[in-house]
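Residues per chain, in single letters:
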Amino acid sequence: MSFEKQSLGILREALGRLEEGFGDLPAFDSDADMAGLRRVLMEAADKLQDNYPYHHPLYAGQMLKPPHPVARLAYMLAMWINPNNHALDGGRASSAMEKEAVADIAEMFGWDTHLGHLCGGGTIANMEALWVAGSLHPGKKIVASAQAHYTHSRLAGVLHLPFQAVACDGRARMDLNALEDVLKQRDVGTVVATMGTTAAGAVDPLPGILRLREKYPFRLHADAAYGGYFTLAGNLDEDTRQSFDRLSEADSIVIDPHKHGLQPYGCGCVLFRDPSVGTIYKHDSPYTYFSSADLHLGEISLECSRAGASAVALWSTMRMFPLVRGGQFARGLERGRQAALMLFDKIAGCKDYFTLFRPELDILVWVPAARRASEMSLRSKKIFHSAARRDLHLAVAGFPKEILENILDVEWDRREITCLRSCLMKPGHVDWVDHIAKMLKDF
Ligand SMILES: *Cc1c(COP(=O)(O)O)cnc(C)c1O
């Protein structure tokens with residue numbers, strides 16, 4: 001059985017328990033058209049077959065994985081209530097669960113106090129962080145590495161803040177000399193450090209960035225949407241570890257529970273070290289926030305209505321898998337990184353491919369051997385398609401000459417190379433490395 005279905009019985013049981021809480025109410029009719037439901041659901045299931053097999057270890061492409069069963073079940077359970085975590089009127093219990101879950105994430109980063117909440121995803125979380133940054137340093141530049149998620153330059157545009165990209169070194173990390181050159185212009189308000197780039201899983205050198213902050217004061221925002229949870233992993237390289245160990249010194253952090261936190265989509269998280277930034281969110285709403293004097297999460301969030309079910313799913317997952325070093329959740333991340341290192345070694349020993357960067361997290365990037373940049377790119381795309389036809393699903397990513405020129409001995413007939421890329425996000429990937437490596441030899 002590849003789709004886990006056994007746990008659905010527990011959902012039925014939990015629904016009974018939930019219903020007990022409303023047992024005093026007079027009965028009312030709530031019937032469903034079973035035949036109609038069945039017909040439409042079967043049709044939906046047929047349509048959904050047109051997807052890559054994200055749940056299977058041979059899907060080793062983009063950062064996609066199904067949520068853990070506990071998250072799926074808790075989310076569904078909450079759907080019978082459909083709480084809205086905007087105001088306490090809409091989700092009293094689920095708002096409390098959100099506050100608890102978010103405080104645990106803040107604690108994972110070493111923060112006893114914080115301001116923060118869940119939101120739709122990394123994009124909106126980063127937007128809030130940059131909006132707060134822009135409110136504190138109006139008109140000043142936002143800078144992020146050239147490998148940072150494209151969302152930062154776009155969000156700076158949305159917020160009408162100037163943006164500048166900082167060059168990367170040969171490991172796809174922010175280059176500190178390039179950063180200092182930009183800082184010397186004295187017009188930078190915020191530096192965005194990426195803790196795990198989307199393309200290569202590269203971690204910007206936080207100790208060096210923090211050293212520069214002493215000389216050129218700026219606000220530091222950490223985009224840990226992808227990599228944040230890796231702070232729990234016990235098998236990072238020393239320099240990566242040192243960057244994660246300084247994360248608590250950032251002013252704001254974004255992390256995506258819907259990437260590595262085992263959650264369904266629609267679950268990002270933004271955290272601020274200084275709770276007083278909450279005043280920036282201040283607004284007067286004539287029709288909410290009257291049921292309680294306690295904090296309504298809508299008072300510190302740009303989004304209004306938000307899925308309380310996301311909070312219920314995250315809270316339940318963290319109950320089952322607490323965010324502790326050495327715990328089961330941390331071991332899952334460690335296994336992903338172990339898988340990436342194992343595949344890195346196998347590919348490095350193969351004459352048909354070149355590996356590019358030693359994986360810092362669980363993302364691996366490599367290229368097929370060829371003389372010219374254009375041939376390499378073409379071969380990557382061909383391998384991507386032939387692998388997919390044989391049920392091995394990889395991804396591709398383009399890297400510029402500036403990053404690769406000291407790593408690859410190649411004729412640069414174009415300025416970018418399309419590379420093969422694999423996110424080994426599932427703990428089970430480690431058992432499939434041999435199989436994947438063998439398949440790669442055949443293309
Ligand atoms: C995924 C990602 C984002 C965007 O987050 P979404 O959840 O897709 O909106 C931003 N930054 C980084 C580093 C990411 O990996």
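Conventions used here
Residues numbered from 1 in each chain as written. Predicted model: local features only at pLDDT ≥ 70, side-chain atom pairs only at ≥ 80, totals over all residues. Heavy atoms only, no water. Patch = residues over 30% accessible without salt bridge, like charges linked within 9 Å, V, L, I, M, F, W, Y side chains within 5 Å. Areas by Shrake-Rupley, 256 points an atom, 1.4 Å probe, with all protein chains shown as cover. Salt bridge = Lys/Arg side-chain N within 4 Å of Asp/Glu carboxyl O. Helix = DSSP H or I, 4+ residues; strand = E, 2+ residues; numbered from the N terminus. Buried < 20%, exposed > 50% of the residue type's maximum accessible area, 1.4 Å probe, protein only. Polar contact = N/O pair within 3.5 Å; in protein donor to acceptor, adjacent residues only side chain to side chain. Contact = heavy atoms within 4.5 Å. Near = heavy atom within 4 Å. Lys, Arg positive; Asp, Glu negative; His and termini not counted.

S.K.: Could you give an account of a nonpolar patch on the surface, with specific residues and numbers?
M.R.: Judged by side-chain polarity, Phe22, Leu25, Met79, Trp80 and Ile81 come together as a nonpolar surface patch covering roughly 550 Å² of accessible area. Inspection of the secondary structure puts methionine 79 in helix α3 (residues 69–79). Overall, methionine 79 belongs to the partly exposed group, its relative accessible area being 37%.

S.K.: Can you tell me about the side chain of glutamate 98, naming the residues and giving the values?
M.R.: As for its placement among the helices and strands, glutamate 98 is situated in helix α4 (residues 92–108). For glutamate 98, a relative accessible area of 1% translates into the label buried. Among the polar contacts made by the side chain of glutamate 98, one reaches the side chain of asparagine 85 at a distance of 2.8 Å. Non-local contacts of glutamate 98, meaning those with residues more than four positions away in its chain, are made with Asn85, His117, Leu118, Leu297, Arg306 and Ala311.

S.K.: Before we move on, could you go through the site of the ligand and cite the residues and values that matter?
M.R.: Taken together, 13 residues surround the ligand, and among them Thr123, Asp223, Asp256, His258 and Lys259 come closest. Backbone polar atom of glycine 122 to an oxygen atom of the ligand: 2.7 Å apart, as the coordinates give it. Interatomic distance of 3.1 Å between a side-chain N/O atom of threonine 198 and an oxygen atom of the ligand. Notes on the ligand: free accessible area 380 Å², of which the protein chains cover 87%. Where the shell around the ligand is concerned, the elements lending two or more residues are α5 (122–136) and α10 (257–260). Counting residues per element, the shell around the ligand draws most heavily on α5, which supplies 3 residues.

S.K.: For the side chain of glutamate 128, give the residues involved together with the corresponding values.
M.R.: Mapped onto the secondary structure, glutamate 128 falls in helix α5. No salt bridge is formed by the buried glutamate 128; its nearest oppositely charged neighbour, arginine 306, is found at 7.1 Å. Filtering out sequence-adjacent residues up to four positions away, glutamate 128 remains in contact with His117, Val270, Phe272, Tyr281, Ile300, Ser301, Leu302 and Glu303.

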